[in-house]
Amino acid sequence: MKQGRIREEVVMSGEEITLSFGGITALLYVNFAVQRGEIFSIIGPNGAGKSSLYNVINGFYKPQKGRVFFKETEITHLKPYQIARMGIARSFQNIELFKHMTVLENLMLGRHIHIRYGLFKSLFYFGPCLKEEVQHRKRVEDVIDFLEIEHIRKKHVGTLPYGLQKRVEMARALCLEPEILLLDEPMAGMNLEETEDMARFIIDVNSEWGMTVLLIEHDMGVVMDLSDRIMVLDFGEKIAEGTPGEIQQNALVAKAYLGESDGAFLGR
Amino acid sequence: MAIKCGVFKTTYEEDSAIWQTKVSKFWIALLLIVLIAFPFVFQGSRYLLYVCNSVLIAVIAAIGLNILTGFTGQISLGHGAFMGVGAYASGYLMTHLGMPFIVCVVVAGCVTAIVGMIFGIPSLRLKGLYLAIATLAAQVILEFVFVRWRAVTGGSQGMLVPPAQIGGFAFDSDFKFYFLALAFTLMAVLIAKNIVRTKSGRAFMAIRDRYISAEIIGVPIFQYKLISFGISSFFAGVAGSLWAHYIGIITPEHFNVMISIQYLSMIIIGGLGSIYGSIMGAVFMTLLPEVLRLISGLFSNQYPILVNIFGAIREGIFGLVIILFLIFEPDGLAARWKTIQNYWKLWPFSY
Ligand SMILES: Nc1ncnc2c1ncn2[C@@H]1O[C@H](COP(=O)(O)OP(=O)(O)OP(=O)(O)O)[C@@H](O)[C@H]1O
Ligand SMILES: [Mg+2]
């Protein structure tokens, strides 16, 4: 299944990333390297530092130590919008959409970095500007078709159920046509059917669109099924990394998860 | 490729058109005819034409402020002063440098845009009330410049500005100026509408609604805030320039903080984040004092003793009406208009 999809090229890596808030250490000397075409999952108990790692990658948090690379370029000190322009898009654990706008407007905003016409041309609208708008609208429609959200195109995002909002957020990230897609708990709060749909979408963007995916997810079934490799964080430290099979055998990981009330990890 | 929704459209071009049905095109055409025919009918009434011209100029400035405050979410208490920059710049260019009106108005807009962007720099760090205070400072500084930089502005004596002239035709009466103002206003509406429905406008709204999301999709927030200040001030500058060439003499009082507040009220009453709202707000706020003056004039004729009191009552009613509007129409006139429109769209099944 995975033959030929992954290439021996590191598209994203972190070196000794260390981040703390006052006395709390969110990340401690975290090293990782993601290869092109992979689905690379990050798991760990609550508060392990997973979301913080995303925030470091896309420039919201500046680590006290360490560096982040996109291919060969260091991006540690770039601004979030610059990192987005390089080809890294993400979704958030607590959905960050434009709630008062329609799905369509949200997605057109996802095309922002690809729109070429300048302010001056947009003053007249008709002509080059309209032509480009239509092109981008077509790309947006492709994403809409792909994620099966045709029926809610003109709905205001704030009025949609949680599961659909998660999907719209992923759609907006896809509209950026990123090389790397960071998903933060895309299945959280979804029922079984929605979870399965989302899993299918992730597999499809990865295998059909060739997008490298980083995935944070608490649903171990999903993680084990989708991931090529998994990195485990605990109290900000990386305690394990490997294929799903290796992670399931890992004693340290089992121990870290033993504290979890529902034994989510061992349960499987 | 078909798009499903209330009104059936078959292409993306149609889907994004401003006026989506033949019916609305008809109404727009009718409105245009009325706007053009109007001054011919009321040619005799200079007062009425003066009010109309004031409304038209106010619409341009209000649209500018709405782009900044309503669409981008950056409050400004300096809009009046920015109009002043445009007015003085235009007057100076014409009287001292002998430039033709069209050049004056464009350059005045650009100068104002630059000044607006400079005073917009604090928006990098400041939001909400703090930004309001920073822009209020801009207002105070600019007013100071208007009064003190006598060589350019004529100080509190004012500056005499010759009427607008295009290709030898002078717009030197209320009647003639109306058409100039109307042309500029229509252009302003169209341009603003085009800005807000394309890349920059969407970026503005993104910044207003959720700046984290705006950053994550690659919008450089500070750059777009400055662009918004620039566009907004450009509109203010053009409006100021028109006003200067219309009224003939400008003094610093024309551009004081009360004007800034009045424009803020216009866009709040009309509807933040709506171009049509800016129009309605400007019409309403410019007409209201005139209507009140008319009414108090009638009363004063009958009860001459009350003349002085009616002056004060008029101000009070003006304030009261605004407060009532804010309470009962918090989303602005534009939102009310939409509900009425939707009602008629489905008529007679609109229950
Ligand atoms: N902005 C912040 N200010 C202060 N502390 C923070 C901030 N962001 C994260 N933290 C702290 O850093 C630690 C890691 O948080 P993070 O959100 O990265 O965890 P997580 O692995 O994503 O957990 P969860 O599974 O609950 O989403 C936590 O102790 C958290 O309280
Ligand atoms: Mg998290």
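The rules behind each value
Residues numbered from 1 in each chain as written. Chains lettered and ligands numbered in written order. Predicted model: local features only at pLDDT ≥ 70, side-chain atom pairs only at ≥ 80, totals over all residues. Heavy atoms only, no water. Salt bridge = Lys/Arg side-chain N within 4 Å of Asp/Glu carboxyl O. Buried < 20%, exposed > 50% of the residue type's maximum accessible area, 1.4 Å probe, protein only. Helix = DSSP H or I, 4+ residues; strand = E, 2+ residues; numbered from the N terminus. 1 Å grid on protein atoms, 1.4 Å probe; cavity = no way out; pocket = protein on both sides within 12 Å on 5 of 7 lines; lining within 4 Å. Points joined across faces, edges and corners; volume = space filled by probe spheres on them. Nonpolar A, V, L, I, M, F, W, Y, C, P; charged D, E, K, R; others polar. Contact = heavy atoms within 4.5 Å. Pairing = 2+ DSSP bridges. Near = heavy atom within 4 Å. Polar contact = N/O pair within 3.5 Å; in protein donor to acceptor, adjacent residues only side chain to side chain. Areas by Shrake-Rupley, 256 points an atom, 1.4 Å probe, with all protein chains shown as cover. Domains from an automatic or database assignment. Buried area = accessible area lost by both parts, 1.4 Å probe.

This brings us to the pattern of salt bridges. Considering all chains together, one arrives at 24 salt bridges over all chains under this definition. Residue B:Arg208 is joined to B:Asp209 by a salt bridge in which the shortest nitrogen-to-oxygen separation is 2.9 Å. Owing to a relative accessible area of 32%, B:Arg208 belongs among the partly exposed residues under this scheme. Here B:Asp209 falls in the partly exposed class, since its relative accessible area comes to 22%. For B:Glu290, the salt bridge is made with B:Arg293, and the minimal N-O distance between the two is 3.6 Å. Within this pair, B:Glu290 and its partner B:Arg293 are both found in helix α13 (residues 275-302), separated by three residues, close to a single helical turn. Note on B:Glu290: relative accessible area 14%, which makes it buried. Residue B:Arg293 is classed as partly exposed on the basis of its relative accessible area of 40%. If you follow the salt bridges from partner to partner, you end up with A:Glu9, A:Arg36, A:Lys71 and A:Glu179 in one network.

Residue and element names in this part refer to chain B. A volume near 860 Å³ is recorded for the second largest pocket. Along its surface, the second largest pocket is lined by 27 residues, and Ile259, Gln262, Met285, Thr286 and Pro289 are the ones closest to its centre. Residue assignment for the lining of the second largest pocket shows that the elements contributing at least two residues are α3 (46-71), α12 (257-270), α13 and α14 (307-328). Considering each element in turn, the lining of the second largest pocket owes the most residues, seven residues, to α12. In terms of residue class, the lining of the second largest pocket is built from 18 nonpolar, five polar and four charged.

Quick look at the environment of A:Leu107 now. Residues and elements named next belong to chain A. Among the secondary structure elements, Leu107 is positioned in helix α3 (residues 103-110). Separated by 65 residues in sequence, Leu107 and Ile42 have C-alpha atoms that sit 27 Å apart. Apart from the residues lying within four places of it in its own chain, the contact partners of Leu107 are Val140, Ile144, Ile149, Val168, Ala171, Arg172 and Cys175.

Let's shift gears to the pairing of strand β1 (residues 10-21) of chain A. Remark: a regular strand shows side chains that alternate across the two faces of the sheet. Residues and elements named next belong to chain A. Both β1 and strand β2 (residues 24-35) contribute to a ladder of eight bridges, which runs antiparallel. Looking at the pairing, Ser13 lines up with Ala33 of β2. What sits between β1 and β2 in their antiparallel hairpin is a turn of two residues, with Gly22 showing a positive phi close to 55°. In the sheet, β1 pairs with strand β4 (residues 65-70) via five bridges, with the strands oriented antiparallel. Bridged to Gly14 within β4 is Val68.

All names here are of chain A. Inspection of the region around ligand 1 gives 14 residues, with Gly47, Lys50, Ser51, Ser52 and Gln93 positioned closest. In this structure, Lys50 approaches ligand 1 through a side-chain N or O atom, which is 2.8 Å from an oxygen atom. Gln93 places a side-chain nitrogen or oxygen 2.8 Å from an oxygen atom of ligand 1. In isolation ligand 1 exposes 630 Å². Once the protein is present, 67% of that is buried. Elements with a contribution of two residues or more to the shell around ligand 1: β2 and α1 (50-57). Here the element with the most residues in the shell around ligand 1 is α1; it accounts for three residues. Among the residues forming the shell around ligand 1, the class breakdown is five nonpolar, seven polar and two charged.

This part is about the domain arrangement of chain A. Residue and element names in this part refer to chain A. Looking at the assigned domains, one finds that chain A contains domain 1 (2-87 + 179-267) and domain 2 (102-177). Summarising the inter-unit geometry, the C-alpha centres of domain 1 and domain 2 are found 27 Å apart. A buried area of about 1,500 Å², summed over both sides, lies between domain 1 and domain 2, and 72% of it is on carbon and sulfur atoms. It is Arg85, Phe201 and Trp209 that lose the most area in domain 1 upon contact with domain 2, and together they represent 35% of the buried surface on that side. Run the count over domain 1 and domain 2 and you get two salt bridges. The salt bridge involving Glu148 is made with Arg200; its shortest N-O contact spans 3.4 Å. At the boundary of domain 1 and domain 2, one finds three residue pairs in polar contact (both at pLDDT 80 or more). Elements that contribute at least two residues to the side of domain 1 that touches domain 2 include exactly α2 (80-86), β7 (180-184) and α7 (192-207). The greatest single-element share of the side of domain 1 that touches domain 2, amounting to eight residues, is contributed by α7. For the side of domain 1 that touches domain 2, a count of residues per class yields twelve nonpolar, one polar and eight charged.

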